[in-house]
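# Results of the structural survey
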Amino acid sequence: MPETSEIRRQKDSQSNPQGEEIRIGVYTCHCGGNISDVVRCEKVAKVLSEMPNVVVSRTHMAMCSDAGQAMVEEDIRERGVNRVVIGACAPSLHEQTFRRTVARAGLNPYLYYHVCLREQDSWVSGGDCEGATEKAIRLMAAGIAKARHLKALDPIRLDAKQRALVIGGGVAGLRSAWDIARRGIQVTLIEKSPFLGGRMAQLETTFPAGETARELLHDLIERVLAHPNVTVHTRAELVGVRGYVGDFHVQIRRQSRGVSDDFAQAQAEAAIAACPVEVPDEFNYGLTTRKAIYRAYPGCTPATPAIDWENCTLCGKCLQVNGQGIDLENKPETFEINVGAVVVATGFRPYEPRQGEYGYGEFPEVVTLPQLIRLLALAGESEGLEWNGHPVRNIAMIHCVGSRQIEGIHEPQPDGQVNDYCSRVCCTATLHLANELRGRFPNVNVFDVYQDIRTYGRGHEDYYTQASANMVRFLRFHAEEPPEVVPAPDGDSCPVLVKIKDYLTWGEEIEVPVDLVVLAVGIMPRPIDDLIKMLKISPGTDRFLLEVHPKLRPVETAVPGIVLAGTAQGPMNIQESCAAASAAAAKVAVLLGQGLVELEPFVARVDPERCRGSGQCVEVCCYEDAISLQTFSVNGREVQRAVVTPANCTGCGACVSACPNRAIDVQGWTLEQYEAMVDAIAADLPASEVGV
Amino acid sequence: MAEKPKILILATLSGGYAGANSVGQLRKDYPTNTYILPVLCPCLFPEDFYLRAFERGIDGILVMYSGTDSPYKGGPERAAEIINRVYPMMKERGIDTRRLRLVAICTVCTGPFLKEVNEMNDLLQELGPVRRERSSTATPQPQTVQSRE
Ligand SMILES: Cc1cc2nc3c(=O)[nH]c(=O)nc-3n(C[C@H](O)[C@H](O)[C@H](O)COP(=O)(O)OP(=O)(O)OC[C@H]3O[C@@H](n4cnc5c(N)ncnc54)[C@H](O)[C@@H]3O)c2cc1C
Ligand code: SF4
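Note that this is a predicted model, so its numbers are computed, not measured.

Residues and elements named next belong to chain A. As a structural note, the neighbourhood of ligand 1 is formed by 31 residues, with Glu191, Arg199, Thr567, Met572 and Ile574 the closest of them. Measuring from an oxygen atom of ligand 1, one finds a backbone N or O atom of phenylalanine 207 at 2.9 Å. Threonine 567 places a polar side-chain atom, nitrogen or oxygen, 2.7 Å from an oxygen atom of ligand 1. Elements that contribute at least two residues to the shell around ligand 1 include exactly α6 (171-182), β7 (186-191), α10 (369-379) and α14 (574-593). Counted by class, the shell around ligand 1 contains 16 nonpolar, 11 polar and 4 charged residues. Both domain 2 (163-255 + 332-347 + 526-596) and domain 4 (350-524) contribute no fewer than three residues apiece to the shell around ligand 1.

Take a look at the structure:
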């Protein structure tokens, strides 16, 4: 049982030497006029120079330049500056730059504070030079106040396991696994379904270059499977997680495949044929059926069929073909592996239209875009297109189904939210298919019913140009007046009518008789609530997984060591999914590559001398194992004291406000620092400073 | 120089602070008597932090958190609970409760950012300095306010 004094000593060894004189260097950047055109920087510097503890106060045209940084380094080395405050652009741009500057001169990088004088002052203060200058003085004064309370901090360093877990075997997960493996890190990839490839396997030719999806995919799958650093488990799911970045213990549950890998091809075909069960085939979005012993599609990986435990009746017909190699008992196994990082690549599901939405589920002639892709694949080389036993001559394709929904107009999803985002891939995918239809079946008329055409990527606009040239007819509706799909009157040549108020003809009401209506459904994240809870990651209001910062920390979640790849994060095409997957892999490689992980030290820290063991901090903390009460002996008496596990603490500060004894703080963001900053902002400026 | 009301903005790095930077990128003007401090999550601040700020002469506080987009689990809910507990304490001290507002601001919420700042500024022009409000009421309870010092 540790003694509190021992902890106290540890604490002291990390804080500043007692009695050290605080010598602050303050720098106000002109930012080449961006700041100084509005803020009177020289005036600011002069006022600051008179504040307690400030030993130098300077300005510079560009603090981030070599000369600007050299000035700071020299002041640290030559003038004993031991706290640095720089007022410049947003900290997201140069805070890290200046931390490195300070560290180069031998000062702890956390003895630096960055004040934003550009985005939050000069750029938003118009011509109010006086107001902007006063604001700059107060903001800088607040920075100086914080600097007086800054303590040297060390990043948290932890050993990192040289293995990553990738969740999801779609193109994003595969791409991540491949990139991570090539950097010499072990990878375990788990895929929930029995087959690899995800949604991309369900595509045929793809935009923008027209390549065949499965060819690209198989090439990737083969490379992944052949790599010695990769282990793949299909039918595997995450069921538990403990630990933190560098050292996660993940529990994986794997269901039996039911068929052994050495089961011969010919026998597999016969066993599949023998199975009497027929269920809708999810690979073809229910257009066809499959058996309870099945392959996703011809040529899928793994090639060994799998038993669908939900639908298998255990009748044993497949065993009669050749019992060896088939085991009709599902024996799920759970095992644990130790990984340093996790890539979440759980992908998307197409939006499922509501019953009756544009006639979906009411009229057999209404299908979705993913179904059309499968329909065209199943049509093979046939000369004409048929649906529901009838030849198809007229097709309407409706955009934005389940995307760009508007509250009050569209019915919300079960969680009460409308899908207000653009699904991004459907416009180009629709035009790509419209072109394919016109190319393969020149007698088929295609009507493209859209709100806006968003062919945003390189080469995507060509699909629109080509569709126009291909005589695809465009009709445009407004979101408030969506088209209607109604049965055609008896005797009409087509079964359904699409009624559109067309804004390309200034609001003319148009009725298009068609044989098939294709709904360009949007992209929604797969339901992964369990996974979200286990990993403690957050979805946004759109339900897609959230990154820390879309620009500065894309693909990183707020949980250190957990990164995102592909459409789990938002609508993306294959190119974007792969780019995100490679970014995720790079993050993993950077994180684990050095064998150690370094975390920002902004975590809670308990002052054991103030702590009374009330446990309120433990109650409010939402993170597992981040803070706990432990028993210590103080003067021979056993007491409870809160102890933080830095690697599990996110630094949110819930415990800080909960502590009745003010015994806990988030390092680098302490209440004392905030109070000092508030005081500096509230303080009256001395008479000499008024009238800036 | 006439004393302008002082607006303290506690803005999360993942929300309001980034939103303020987006406003800057667009060069949209708002009053200069606005002082933004970055925070990880406002659930860090106990009730008396706010009371203390008013006591020191901060006239209005906008807490711009990340709402449901917050990367911190439970943080936004907790911040809201704390702020809800601050309101009756403000009332007790004769401080107009409209001086404290919790608003969700995202990284690109430039419109809502400007609206909140301008509305708070207008309100404070109307209410006048917090010092006047506080001095016009009976003895506040400095004990609670200062118990953390
Ligand atoms: C109609 C349509 C047409 C398209 N056409 C094109 C095109 O032509 N060109 C183009 O570039 N893009 C196109 N796209 C987009 C493309 O399909 C996606 O970008 C791509 O498939 C996304 O891959 P992913 O790996 O992110 O997700 P997915 O393919 O969904 O893969 C996710 C994988 O994770 C697995 N999984 C899910 N949850 C778990 C779990 N809890 N545990 C383990 N595994 C799990 C799933 O089983 C799946 O295998 C189209 C999309 C649609 C809807
Ligand atoms: S990509 Fe096109 S069809 Fe899809 S939601 Fe966006 S605008 Fe609508």
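Quick look at the interface of chain B and chain A now. Contacts between the two partners involve 51 residues from chain B and, on the opposite side, 57 residues from chain A. Taking both partners together, chain B and chain A bury about 4700 Å²; carbon and sulfur atoms supply 59% of that area. At the junction of chain B and chain A, the tally comes to 2 salt bridges. A salt bridge links arginine 52 of chain B to aspartate 679 of chain A; the shortest N-O distance between them is 2.9 Å. At the surface where chain B touches chain A, the tally comes to 15 residue pairs in polar contact (both at pLDDT 80 or more). At 7 residues, helix α1 (residues 16-25) of chain B tops the list of elements feeding residues into the side of chain B that touches chain A. Its residues assigned to classes, the side of chain B that touches chain A comprises 26 nonpolar, 11 polar and 14 charged.

So, about the confidence of the model for chain A. On average, residues of chain A score 93 in pLDDT, and 96% of them reach the 70 mark or higher. Residue range residues 4-16 of chain A is modelled with pLDDT below 50. Its contacts to residues more than four positions away, or to other chains, number 19 contacts.

Let's shift gears to the sheet that holds strand β15 (residues 333-339) of chain A. Residues and elements named next belong to chain A. The sheet built from 3 strands is open, its strands ordered β9-β10-β15 with antiparallel pairing. The open sheet has two free edges, formed respectively by β9 (236-244) and β15, since each of these has just one partner strand. On average, each strand axis in the sheet is inclined to that of its neighbour by 20°, with strand direction left out of account. Here strand β10 (residues 247-254) runs beside β15; their pairing, made up of 7 bridges, is antiparallel. Bridged to isoleucine 252 within β15 is phenylalanine 335.

Bridge count for strand β3 (residues 60-65) of chain B against strand β4 (residues 100-104) of chain B is 5 bridges, and the pairing is parallel. Its bridge partner lying in β4 of chain B, methionine 64 of chain B is registered against valine 103 of chain B.

When a strand is regular, its side chains alternate between the sheet's two faces. Residues and elements named next belong to chain A. A large share of strand β21 (residues 394-401) lies buried, amounting to 8 of its 8 residues. At this point the chain moves from β21, through helix α11 (residues 426-440), to the parallel strand β22 (residues 445-450), and the crossover so formed is right-handed. Of the pairings in the sheet, the one linking β21 to strand β27 (residues 516-521) comprises 5 bridges and is parallel in character. Considered in β27, the bridge of alanine 396 is made with valine 517.

This brings us to the state of the cysteines. Residue and element names in this part refer to chain B. One pass over the full model with this rule turns up 1 disulfide over all chains. With a sulfur-sulfur separation of 2.2 Å, cysteine 106 is cross-linked through a disulfide to cysteine 109. Between cysteine 106 and cysteine 109, the S-S dihedral sits near 110°, and the bridge is therefore right-handed. You can call cysteine 109 buried: its relative accessible area is 16%.

Proximity of charged atoms lets side chains of opposite charge pair with each other. Residues and elements named next belong to chain A. Following the criterion strictly, the structure yields 45 salt bridges over all chains and no others. A salt bridge links arginine 79 to aspartate 75; its shortest N-O distance comes to 2.7 Å. Here the residue arginine 79 and the residue aspartate 75 both occupy positions in helix α3 (residues 66-79), the gap between them amounting to 4 residues, near one helical turn. Among the residues examined, arginine 79 registers a relative accessible area of 34% and is labelled partly exposed. Residues aspartate 415 and arginine 543 are paired through a salt bridge, measuring 2.6 Å at the closest nitrogen-oxygen approach. In this pair, aspartate 415 sits in the loop between β21 and α11 while arginine 543 sits in the loop between α13 (529-535) and β29 (562-564), placing the two residues 128 residues apart along the sequence.

This part takes up the packing of α11 of chain A against helix α12 (residues 461-469) of chain A. All names here are of chain A. Look at α11 against α12: their axes get within 9 Å of each other, and the N-to-C directions meet at 35°. For α11 against α12, the interelement crossing comes out left-handed. Packed against α11, whose contacting residues are Thr428, Leu431, His432 and Asn435, the element α12 presents Tyr463, Tyr464, Gln466 and Ala467 at the interface. Partitioned by chemical class, the residues of the contact of α11 with α12 number 4 nonpolar, 4 polar and no charged.

So, about the sheet that holds β29 of chain A. All names here are of chain A. An order of β8-β7-β6-β16-β29 is seen for the 5 strands of this open sheet, with the pairing classed as parallel. Taken across any chain shown, the strands that pair with only one partner, and hence form the sheet edges, are β8 (230-234) and β29. Each strand axis lies, on average, 20° off the axis of its neighbour in the sheet, ignoring direction. Pairing analysis gives 5 bridges linking β7 to β8, with the strands arranged parallel. Directly across from threonine 188, in β8, lies its bridge partner threonine 231. Docked against the sheet, α6 engages β6 (163-167), β7, β8 and β16 (341-344), running at close to 170° with respect to β7.

Cut-offs applied
Residues numbered from 1 in each chain as written. Chains lettered and ligands numbered in written order. Predicted model: local features only at pLDDT ≥ 70, side-chain atom pairs only at ≥ 80, totals over all residues. Heavy atoms only, no water. Near = heavy atom within 4 Å. Polar contact = N/O pair within 3.5 Å; in protein donor to acceptor, adjacent residues only side chain to side chain. Helix = DSSP H or I, 4+ residues; strand = E, 2+ residues; numbered from the N terminus. Nonpolar A, V, L, I, M, F, W, Y, C, P; charged D, E, K, R; others polar. Domains from an automatic or database assignment. Contact = heavy atoms within 4.5 Å. Buried area = accessible area lost by both parts, 1.4 Å probe. Salt bridge = Lys/Arg side-chain N within 4 Å of Asp/Glu carboxyl O. pLDDT = per-residue confidence, 0-100. Pairing = 2+ DSSP bridges. Axes fitted to C-alpha atoms, helices over the stretch in contact; angles between N-to-C directions. Buried < 20%, exposed > 50% of the residue type's maximum accessible area, 1.4 Å probe, protein only. Right-handed = clockwise from strand over helix to strand, strands pointing away. Disulfide = S-S within 2.5 Å. Left-handed = near helix turned anticlockwise from the far one by under 90°.

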